[in-house]
Amino acid sequence: MSAARHPAPGGGDLNGITGLAGFAAGIGGGIVFLRNGFNLGRSSAYKGGAGRFSGYLAVAAAIALVIGVATNAAWLNFSAKGPGSQHAPVFFSLTAGIVAGALAWRTRMCLSGGIRDFLLVRDTYLLKVYAVIFAAALAGNLAFGTFKLGFAGQPLAHTMHLWNFLGLFLTGLAATLAGGCPLRQLIQSGEGNTDAMFTVLGMLAGAGISHGLNAAASAAGVTAAGQIAVVAGIVMATMIGLAFRETIIAQAEA
Amino acid sequence: MEKKLDLRGLSCPIPLIKARDALTEAAVVTVVVDEPTPRENIIKFAKSQNYRVDCTASGGEYTIVIRK
């Protein structure tokens with residue numbers, strides 16, 4: 001699904017701009033639901049029982065995955081071809097991941113939050129982090145000679161503008177309703193937030209199902225199944241945005 | 001008029017929206033949050049409006065008093 005790909009204007013891929021516009025529009029849609037009382041209710045900390053250990057599950061899974069990758073474990077299926085197989089040496093990936101994760105944690109970076117906070121209260125703090133990420137991607141692409149300005153022939157990107165827009169519209173809408181973007185959910189799950197951990201599990205399941213149902217997009221474009229999945233996702237997210245309002249929650253609790 | 005809000009456990013940006021809405025109705029708003037992110041967002045918003053802000057922390061909870 002096109003929603004799974006992050007916009008990449010730092011590499012000169014102008015499809016990223018279409019996607020980014022869709023992302024911002026989706027966040028705007030999410031804000032409309034928030035203004036109308038969208039609320040998933042209060043979270044609370046586990047005070048005792050086995051539940052208080054659940055916050056460590058995400059970290060335990062991450063450590064198991066690192067060990068699995070480092071030892072070429074049989075329980076992992078490694079991609080032999082395609083984008084999944086074209087990765088940096090694991091050591092460099094891990095080091096870069098730790099640095100990026102630490103920075104995202106300390107800055108509380110949230111891609112949907114940056115646009116959301118600007119639209120809501122004109123707060124530009126997270127947009128400045130956006131600027132840093134864009135500058136770093138641009139510098140990296142220029143340094144390695146991979147910068148290529150244009151829409152066509154971009155790595156992994158297709159030029160179906162409507163679906164680039166709608167895919168990221170769905171991402172922005174869902175991220176705003178979930179309280180944070182995929183990056184932020186990942187960081188929060190590492191902080192022991194089990195709500196965020198379930199969001200990450202949902203993303204993994206969604207990615208798996210997309211590939212299984214041939215709904216994942218590629219450079220060739222978005223499949224019919226992918227188009228159906230994006231529209232169905234927007235309908236679902238809209239229904240969730242309408243269904244979970246405070247008035248309804250208050251009645252349910254009374 | 002004063003308002004007190006318990007915003008603990010609510011996901012972003014609901015605490016900020018509720019604090020801002022309360023400030024349109026009351027001159028003094030006291031909110032309780034339990035995460036650093038909403039604390040920072042609410043303090044930053046209040047300062048951007050030139051409101052006076054006091055924040056006290058205890059036991060992982062933050063009490064923020066905003067005066068217009």
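All values reported here derive from a predicted model rather than from experimental measurement.

With respect to the pairing of strand 1 (residues 2-6) of chain B
Residues and elements named next belong to chain B.
Link 1 in the chain: Relative to strand 2 (residues 28-33), strand 1 runs parallel, the two being bridged by five bridges. Along strand 2, the bridge assignment pairs glutamate 2 with valine 28.
Link 2 in the chain: In terms of handedness, the path from strand 1 via helix 1 (residues 14-25) over to strand 2 forms a crossover that is right-handed.

Quick look at the interface of chain B and chain A
Often, the extent of an interface is quoted as the loss of accessible area on bringing the components together.
Link 1 in the chain: Facing 17 residues of chain B, the contacting portion of chain A comprises 17 residues.
Link 2 in the chain: Buried surface at the junction of chain B and chain A, both sides included, amounts to about 1,500 Å², of which 49% is carbon and sulfur.
Link 3 in the chain: Summed over the shared surface of chain B and chain A, the result is three salt bridges.
Link 4 in the chain: Among the ionic pairs, lysine 18 of chain B bridges to glutamate 246 of chain A, the shortest N-O distance being 2.9 Å.
Link 5 in the chain: Of all elements in the fold, only helix 1 and helix 2 (36-48) of chain B reach the threshold of two or more residues within the side of chain B that touches chain A.
Link 6 in the chain: The residue inventory of the side of chain B that touches chain A, partitioned by class, reads eight nonpolar, three polar and six charged.

Quick look at the sheet that holds strand 2 of chain B
All names here are of chain B.
Link 1 in the chain: Strand order in the open sheet formed by four strands is 1-2-4-3, and the pairing between neighbours is mixed. A single partner strand is all that each edge strand has here, and the edge strands are strand 1 and strand 3 (52-58). When strand polarity is set aside, the average angle formed by the axes of neighbouring strands in this sheet is 15°.
Link 2 in the chain: Note: strand 3 against strand 4 (residues 61-67), seven bridges, orientation antiparallel. Paired with aspartate 54 across the strands is valine 65, a residue of strand 4.
Link 3 in the chain: Strands strand 2, strand 3 and strand 4 of the sheet are contacted by helix 2, whose axis makes an angle of about 10° with strand 4.

A word on a nonpolar patch on the surface
Link 1 in the chain: A surface patch of nonpolar side chains, about 370 Å² in accessible area, is lined by Leu40, Met236, Ile240 and Phe244 of chain A.
Link 2 in the chain: You can see isoleucine 240 of chain A is positioned in helix 9 (residues 224-243).

What to know about the nonpolar core
Link 1 in the chain: Judged by nonpolar contacts, the single largest core of 50 residues is most densely connected at Phe23 and Met109 of chain A together with Val31, Ile42, Ile64 and Ile66 of chain B.
Link 2 in the chain: Among the elements that line this core, the one with the most residues is helix 6 (residues 161-178) of chain A, at eight residues.

A word on helix 9 of chain A
All names here are of chain A.
Link 1 in the chain: For helix 9, which comprises 20 residues, the first-to-last C-alpha distance of 28 Å matches the rise-based estimate of 28 Å (1.5 Å per residue) to within 8%.
Link 2 in the chain: All buried positions along helix 9 are accounted for by Gly226, Val230, Gly233, Ile234, Ala237 and Gly241. Relative to the axis of helix 9, the buried residues are bounded by an arc of 95° and lie together on one face. Turned more than 90 degrees away from the buried face of helix 9, the exposed residues are Ala224 and Ile228.
Link 3 in the chain: Tucked inside the fold, the buried residues of helix 9 contact helix 1 (15-35) and helix 6.

Focus on the packing of helix 1 of chain A against helix 6 of chain A
Working note: a packed helix pair is described by the angle between its axes plus the distance between those axes.
Residues and elements named next belong to chain A.
Link 1 in the chain: Taken N-terminus to C-terminus, the directions of helix 1 and helix 6 make an angle of 35°; their axes are 6 Å apart at the nearest point. Here the hand of the crossing between helix 1 and helix 6 comes out right-handed.
Link 2 in the chain: Along the lines of polarity and charge, the residues of the contact of helix 1 with helix 6 split into 12 nonpolar, 12 polar and no charged.

Quick notes on unusual backbone geometry
Link 1 in the chain: Put simply, cysteine 12 of chain B and proline 13 of chain B share a cis peptide bond, and its omega is -5°.
Link 2 in the chain: Tracing the sequence through the fold places proline 13 of chain B in the loop between strand 1 and helix 1.
Link 3 in the chain: Despite not being glycine, arginine 108 of chain A shows a phi value in the positive range, around 55°.
Link 4 in the chain: Here arginine 108 of chain A is to be found in the loop between helix 3 (90-107) and helix 4 (111-121).
Link 5 in the chain: Within the chain, leucine 156 of chain A stands out as a residue other than glycine whose phi angle is a positive 70°.

Looking at the state of the cysteines
Two cysteines, two sulfur atoms, one covalent bond between them: this is a disulfide.
Link 1 in the chain: Per the stated rule, a full pass over the model turns up zero disulfides over all chains.
Link 2 in the chain: The cysteine cysteine 181 of chain A is free of any disulfide, with cysteine 110 of chain A supplying the nearest cysteine sulfur at 4.1 Å.
Link 3 in the chain: The thiol sulfur of cysteine 12 of chain B is not disulfide-bonded, and the nearest other cysteine sulfur, from cysteine 110 of chain A, lies at 7.7 Å.
Link 4 in the chain: On the basis of relative accessible area, cysteine 12 of chain B is assigned to the buried category, the value being 17%.

The rules behind the values
Residues numbered from 1 in each chain as written. Chains lettered and ligands numbered in written order. Predicted model: local features only at pLDDT ≥ 70, side-chain atom pairs only at ≥ 80, totals over all residues. Heavy atoms only, no water. Pairing = 2+ DSSP bridges. Helix = DSSP H or I, 4+ residues; strand = E, 2+ residues; numbered from the N terminus. Right-handed = clockwise from strand over helix to strand, strands pointing away. Contact = heavy atoms within 4.5 Å. Buried area = accessible area lost by both parts, 1.4 Å probe. Salt bridge = Lys/Arg side-chain N within 4 Å of Asp/Glu carboxyl O. Nonpolar A, V, L, I, M, F, W, Y, C, P; charged D, E, K, R; others polar. Axes fitted to C-alpha atoms, helices over the stretch in contact; angles between N-to-C directions. Patch = residues over 30% accessible without salt bridge, like charges linked within 9 Å, V, L, I, M, F, W, Y side chains within 5 Å. Areas by Shrake-Rupley, 256 points an atom, 1.4 Å probe, with all protein chains shown as cover. Core = buried A, V, L, I, M, F, W, Y, C linked by side-chain atoms within 4.5 Å. Buried < 20%, exposed > 50% of the residue type's maximum accessible area, 1.4 Å probe, protein only. Expected span 1.5 Å × (residues − 1). Arc of directions from axis to C-beta. Left-handed = near helix turned anticlockwise from the far one by under 90°. Disulfide = S-S within 2.5 Å.

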